[in-house]
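Next come the chains, spelled out residue by residue.
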Protein chains: 2
Amino acid sequence: MVQGRQACLVSEKIRLFTVTNHRHESRICEVMAFRFEIIKKDSSSQARLGRVNTDHGSFSTPAFLPVGTQGSVKSLTPEELVEIGVEAILGNTYHLYLRPGHETIGRLGGLHIFTHWEKPILTDSGGFQIFSLGSLRKISEEGVTFQSHLDGSSHFLTPEKVVEIQRVLGTDIAMVLDECVPYPSPYEYVKPSMERTSRWASRSLQSRRENDPALFAIVQGGVHRDLREESARALVEMGFQGYAIGGLSVGEPKSMMMDVLKWTTPLLPKDAPRYLMGVGTPEDMINAVSLGIDFFDCVLPTRNARNGTLFTSSGKISIKQARYAEDGRPIDETCACYTCRHYSRAYLRHLYLAKEILSSRLNTIHNLYYYMNLLVKMREAIREGRLLEFYQSHTSSQGLETECSPPFQSNG
Amino acid sequence: MVQGRQACLVSEKIRLFTVTNHRHESRICEVMAFRFEIIKKDSSSQARLGRVNTDHGSFSTPAFLPVGTQGSVKSLTPEELVEIGVEAILGNTYHLYLRPGHETIGRLGGLHIFTHWEKPILTDSGGFQIFSLGSLRKISEEGVTFQSHLDGSSHFLTPEKVVEIQRVLGTDIAMVLDECVPYPSPYEYVKPSMERTSRWASRSLQSRRENDPALFAIVQGGVHRDLREESARALVEMGFQGYAIGGLSVGEPKSMMMDVLKWTTPLLPKDAPRYLMGVGTPEDMINAVSLGIDFFDCVLPTRNARNGTLFTSSGKISIKQARYAEDGRPIDETCACYTCRHYSRAYLRHLYLAKEILSSRLNTIHNLYYYMNLLVKMREAIREGRLLEFYQSHTSSQGLETECSPPFQSNG
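Because the structure is predicted, anything quoted here is derived from the model rather than measured.

Draft legend 1. Summary view of the overall build of chain A. Helix and strand content of chain A: 16 helices and 17 strands. Across the 412 residues in chain A, those meeting the buried criterion constitute 60%. Excluding contacts between residues fewer than 6 apart, the proportion of contacts in chain A whose partners are at least 24 apart in sequence is 66%. As displayed, chain A offers around 15,200 Å² of accessible surface, 50% of which is attributable to carbon and sulfur atoms.

Below you can see the structure in the form of structure tokens.
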């Protein structure tokens, strides 16, 4: 089993791996402890400019982590991600555990070597996927039993096992197993679920070994203020290296999501990173950053890309529309991405209609570039103390003026 | 309508296009006539080392042209093709005519600008696709009526129209409309069909305008020696810029394909390029080169890649096999392609099983690199007068010793 936190172990891993793959021999064995630095706090909101340091390098916050579900950010190579400006990605423990299996990945040198992505990786706990399985899973105090969506095989995961899987994957940031409750869920269901998630978090922490990945807890509690507060207090009491807010963007109104952030983030340690899971739109991210969130992951830009929905500086477009059939302009005249530098809307529409693989690639490059560029501009705005101005200018250019209201301003 | 052969017209095209896309304004307007140079002839076979010059640059022969059916070599960007060593590609007139339509491509500046592939393009005539439609098409002396495989719409194409479509696409090498007869076909069917193909070739030539793309004729005649010879003689009499051998690799035995080449190539002009359509395997190509063929196109390396069949220096492998589940080695230890430099068989197997888009990309990069590298080595072998030795070494390393027999040697 491979562990990836300590210099000597990493050296050993590399040495072992070179038996079968000499190409990684020259890799620099740089090891850093997990650390979060806050570079600047915004004066008119809760926004922070920061940097997360890991064994595989660092990333600036606020950050957006593209989703590499099965060990690949769909359609792109690591080199392309780096060119787009991506500094960290997310991998799905549930998917990698089922296929090809964490032990296989461990024996092959860990997720970084397996996927050729050498920068930071955060893995989720699988909780969200398992609890999305509905009738295919059964929960107990000990853990959760579920059936694989791939072959129906039965699996039992405990909080301890989930920490172990992520250790073997060699991730940089691991998440605790949590129960993600659907929206809406009654108070009587959410309360005991949240309490169990807290007990699971405690067990996860207990099972942690020296040199393990950084471990983040996940605040749950549905849309109930006292439960969210209780969850946050209990987890902070235990002491994690970072805190995620889970169970959002599952169908609740936008304003409710922002309410949950407003209740929760003030209770989290100021010096630890805060991660809003599975969110979101550009506007969601700016709002959440103003409420003190440091990073995000979401399938939105990559999935939208594959479905032909593209972000532009003046709003989203659907590339399949007939109006683009002979449109020689790039997706966005102001965009400097590879796709916009070389291809017309007409060609992208053609590739989409012809179901060409290149369609997914070129669209994904563009949408991720849009997201990364948005984050760059957001960080600049925080640095220069003009995040509210940036939000207003963004929503105005997107034709979303009416949404330029609370929560952002009310929290200024 | 855009024509792309003459400096002034190309300038005009670029000027018109810049109305909607300023990015192409700085493009160098370099125009050359189509020209084929023979650099060296092999002493022990009919093989030739040469160079084809076009308005969009030149390519070395023997050459392999990857297939970009719908304006994209599936899954790859032009930059990746260039990195792999690709110097020219093929586009399918049938597909581009139906979607997005040649007139749309013409209005957008032609196929090169549309697809961002700036090097030579050869387009086929659509004959192969149309005659593969079976009951959906009807042939007459005037031309062929067929129904679109996309929407069932009815279309009528003549030899003249096919020349026009390719002119509007702005291809570098255009093919005449031909009837590609299935194997086996009776002599009584093949003879009148071949004669009509010759009449169509004559009409194609008549309809040619100054500054049109280079026009190649296609020798037909099934597997009947006298018909192949009659076809070749008739077409050579008309005088084309190049000659293709069509109607092969449609199910006939390999030895029969080589027989057809042996009958045909000696009748073709020594100073014109010879193109074997839709072929083939590495061994087919070496054999055909020894019989005087200059270039090839085939979907084999790209389609195989998407199906997980990969070429290696010691034979083909199927990446989906369980034996590769924890194989940390690259596809081919001797290969220098991007895929082999960075990814293990285990990862490629995982991507394939998980149906990740990146699977098609990485496999296509490898297979095309294998083909391009094979052609580089073939050209070196011709230059150094050791093509037979190269063939023997290739078949031996592939475990194909028994096939190292005629036709290659018998033609030495």
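That was the structure; now back to the text.
Draft legend 2. Expanded view of the pattern of salt bridges. According to the stated counting rule, one finds 42 salt bridges over all chains in the structure shown. The shortest N-O distance in the salt bridge between B:Glu80 and B:Arg361 comes to 2.5 Å. Taken together, the positions of B:Glu80 in helix α2 (residues 78–84) and B:Arg361 in helix α15 (residues 357–383) put the pair 281 residues apart, joining distant regions of the chain. We note that B:Glu80, like B:Arg361, is buried. The partner of B:Glu141 in a salt bridge is B:Arg199, with the nearest N and O atoms 2.8 Å apart. With a gap of 58 residues between them, B:Glu141 in the loop between β8 (137–139) and β9 (144–147) and B:Arg199 in helix α8 (residues 187–206) connect regions that are remote in the sequence. Through salt bridges with shared partners, one network takes in A:Glu80, A:Arg361, B:Glu80 and B:Arg361.

Draft legend 3. Inspection of the packing of helix α11 (residues 282–290) of chain B against helix α16 (residues 387–397) of chain B at higher detail. Residue and element names in this part refer to chain B. Relative to each other, α11 and α16 sit at 165 degrees, their axes nearing to 11 Å. Classified by the angle between their axes, α11 and α16 sit roughly antiparallel to one another. In the packing of α11 onto α16, the handedness of the crossing is left-handed. Of α16, the residues touching α11 (which contributes Pro-282, Glu-283, Ile-286, Asn-287, Val-289 and Ser-290) are Leu-387, Phe-390, Tyr-391, His-394 and Thr-395. The residue makeup of the contact of α11 with α16, split by class, is six nonpolar, four polar and one charged.

Draft legend 4. Representation of the sheet that holds strand β10 (residues 154–157) of chain B within the structure. Residue and element names in this part refer to chain B. Ordered in space as β8-β9-β10, the three strands form an open sheet in which the pairing is antiparallel. Here the strands that pair on one side only, and so sit at the sheet edges, are β8 and β10. The mean inter-strand angle of the sheet, taken between neighbouring strand axes irrespective of direction, is 15 degrees.

Draft legend 5. How the structure looks around the pairing of strand β1 (residues 35–41) of chain A. Residue and element names in this part refer to chain A. Where β1 meets strand β2 (residues 48–54), six bridges bridge the pair, whose relative direction is antiparallel. Within β2, the position partnered with Arg-35 by the bridge is Asn-53. The loop that links β1 with its antiparallel partner β2 comprises six residues.

Draft legend 6. Molecular detail of the packing of helix α14 (residues 345–353) of chain A against helix α15 (residues 357–383) of chain A. All names here are of chain A. Where α14 meets α15, the axes come as close as 7 Å, and the angle between the chain directions of the two elements is 135 degrees. The pairing of α14 with α15 is recorded here as oblique in orientation. Of the two elements, α14 crosses α15, and the hand of that crossing is left-handed. Each of Tyr-347, Leu-348, Leu-351 and Tyr-352 in α14 lies in contact with α15, whose residues at this interface are Leu-358, Ser-359, Leu-362 and Asn-363. Each residue belonging to the contact of α14 with α15 can be placed in one class, and the counts come to six nonpolar, two polar and no charged.

Draft legend 7. Main features of the side chain of B:His224. Position of B:His224 relative to the elements: it lies in the loop between β12 (214–219) and α9 (225–238). In contact with B:His224, not counting residues within four places along its chain, are B:Ser185, B:Pro186, B:Tyr187, B:Val190 and B:Trp263.

Draft legend 8. Quick look at helix α7 (residues 159–169) of chain B. Residues and elements named next belong to chain B. The element α7 is largely enclosed, with a buried count of eight among its eleven residues. Taken together, the buried positions of α7 are occupied by Pro-159, Val-162, Val-163, Ile-165, Gln-166, Arg-167, Val-168 and Leu-169. Immediately downstream of α7, the backbone of Gly-170 shows phi near 75 degrees, a positive value.

Draft legend 9. A look at the relation of the copies chain A and chain B. Rotating chain A by 180 degrees about the axis while translating it 0.0 Å along that axis superimposes it on chain B, leaving an RMSD of 0.0 Å. Such a combination of rotation and displacement between the chain copies is what one expects of a two-fold axis. Scanning chain A for the C-alpha nearest the rotation axis identifies A:Ile357, at a separation of 3.6 Å. When you check the interface residues of chain A against chain B, 98% turn up at the interface there too, and the contact is symmetric in its surfaces.

Draft legend 10. View of the packing of aromatic side chains. Counted according to the given criterion, the structure contains 26 aromatic pairs over all chains. Considering the side-chain rings of B:Tyr343 and B:Tyr347, the 5.5 Å spacing of their centres and the 15 degrees angle between planes classify their relative orientation as stacked. Like B:Tyr347, B:Tyr343 is buried. Cluster of aromatic residues (ring-pair linked, three or more members): A:Phe34, A:Phe59, A:Phe216, A:Tyr275 and A:Phe295. Over the face of the ring belonging to A:Trp200 we find A:Arg196, whose NZ or CZ atom lies 5.9 Å from the ring centre.

Draft legend 11. Summary view of the environment of A:Trp200. Residues and elements named next belong to chain A. Structurally, the position occupied by Trp-200 is in helix α8 (residues 187–206). Here the alpha-carbon distance between Trp-200 and Ala-47, two residues 153 residues apart in the chain, equals 30 Å. Apart from residues no more than four positions distant in its own chain, Trp-200 is found in contact with Phe-131, Ile-139, Ser-140, Glu-141, Glu-142, Gly-143, Pro-159, Leu-177, Asp-178 and Glu-179. Of the polar contacts made by the side chain of Trp-200, one reaches the backbone oxygen of Glu-141; its length is 2.9 Å.

Draft legend 12. Representation of the environment of B:Ser255 within the structure. If you trace the backbone, B:Ser255 turns up in helix α10 (residues 254–264). Sequence separation of B:Ser255 and B:Tyr243 is twelve residues, and the distance between their C-alpha atoms is 21 Å.

Draft legend 13. Representation of the interface of chain A and chain B in the model. Facing 49 residues of chain A, the contacting portion of chain B comprises 48 residues. Buried area between chain A and chain B, both sides added, is near 4,000 Å², and the carbon and sulfur share of it is 51%. Run the count over chain A and chain B and you get six salt bridges. Counting the contacts that link chain A with chain B gives 26 residue pairs in polar contact (both at pLDDT 80 or more). Listing elements by their share of the side of chain A that touches chain B, those giving two or more residues are α2 (78–84), α4 (102–107), α5 (111–115), α13 (338–342), α14 and α15 of chain A. If you tally residues by element for the side of chain A that touches chain B, the top one is α14(A), at five residues. Tallied by class, the residues present in the side of chain A that touches chain B amount to 20 nonpolar, 15 polar and 14 charged.

Draft legend 14. View of the sheet that holds strand β7 (residues 121–123) of chain A. What the nine strands build is an open sheet, ordered β4-β15-β14-β13-β12-β11-β7-β6-β5 (chain A); its pairing is parallel. Looking at the sheet topology across the chains shown, the edges are occupied by β4 (63–65) and β5 (67–68) of chain A.

Draft legend 15. Fine view of the side chain of A:Thr123. Residue and element names in this part refer to chain A. Within the secondary structure layout, Thr-123 lies in strand β7. The class of Thr-123 is buried, set by a relative accessible area of 0%. With sequence-adjacent residues up to four places away left out, Thr-123 is seen in contact with Gly-91, Thr-93, Leu-111, Gln-166, Leu-169, Thr-171, Ile-173, Ala-174 and Met-175.

Draft legend 16. The pairing of β9(B), seen in detail. Residue and element names in this part refer to chain B. Judged by which residues are buried, β9 turns out to be one-sided: Val-144 and Phe-146 face inward and are buried, whereas Thr-145 and Gln-147, on the alternate face, are not. Across three bridges, the pairing between β8 and β9 is antiparallel. Residue pairing for β9: Ile-139 is matched across the bridge by Val-144. The pairing of β9 with β10 spans four bridges and is antiparallel.

Definitions and limits used
Residues numbered from 1 in each chain as written. Chains lettered and ligands numbered in written order. Predicted model: local features only at pLDDT ≥ 70, side-chain atom pairs only at ≥ 80, totals over all residues. Heavy atoms only, no water. Helix = DSSP H or I, 4+ residues; strand = E, 2+ residues; numbered from the N terminus. Buried < 20%, exposed > 50% of the residue type's maximum accessible area, 1.4 Å probe, protein only. Contact = heavy atoms within 4.5 Å. Areas by Shrake-Rupley, 256 points an atom, 1.4 Å probe, with all protein chains shown as cover. Salt bridge = Lys/Arg side-chain N within 4 Å of Asp/Glu carboxyl O. Axes fitted to C-alpha atoms, helices over the stretch in contact; angles between N-to-C directions. Parallel < 35°, antiparallel > 145°, perpendicular 65-115°, else oblique. Left-handed = near helix turned anticlockwise from the far one by under 90°. Nonpolar A, V, L, I, M, F, W, Y, C, P; charged D, E, K, R; others polar. Pairing = 2+ DSSP bridges. Least-squares fit on C-alpha atoms with pLDDT ≥ 70 in both. Phe/Tyr/Trp six-rings, centres within 6.5 Å; stacked < 30°, edge-to-face > 60°. Lys NZ or Arg CZ within 6 Å of the ring centre and 35° of its normal. Polar contact = N/O pair within 3.5 Å; in protein donor to acceptor, adjacent residues only side chain to side chain. Buried area = accessible area lost by both parts, 1.4 Å probe.

On their own, these measurements won't tell you what the molecule is for.
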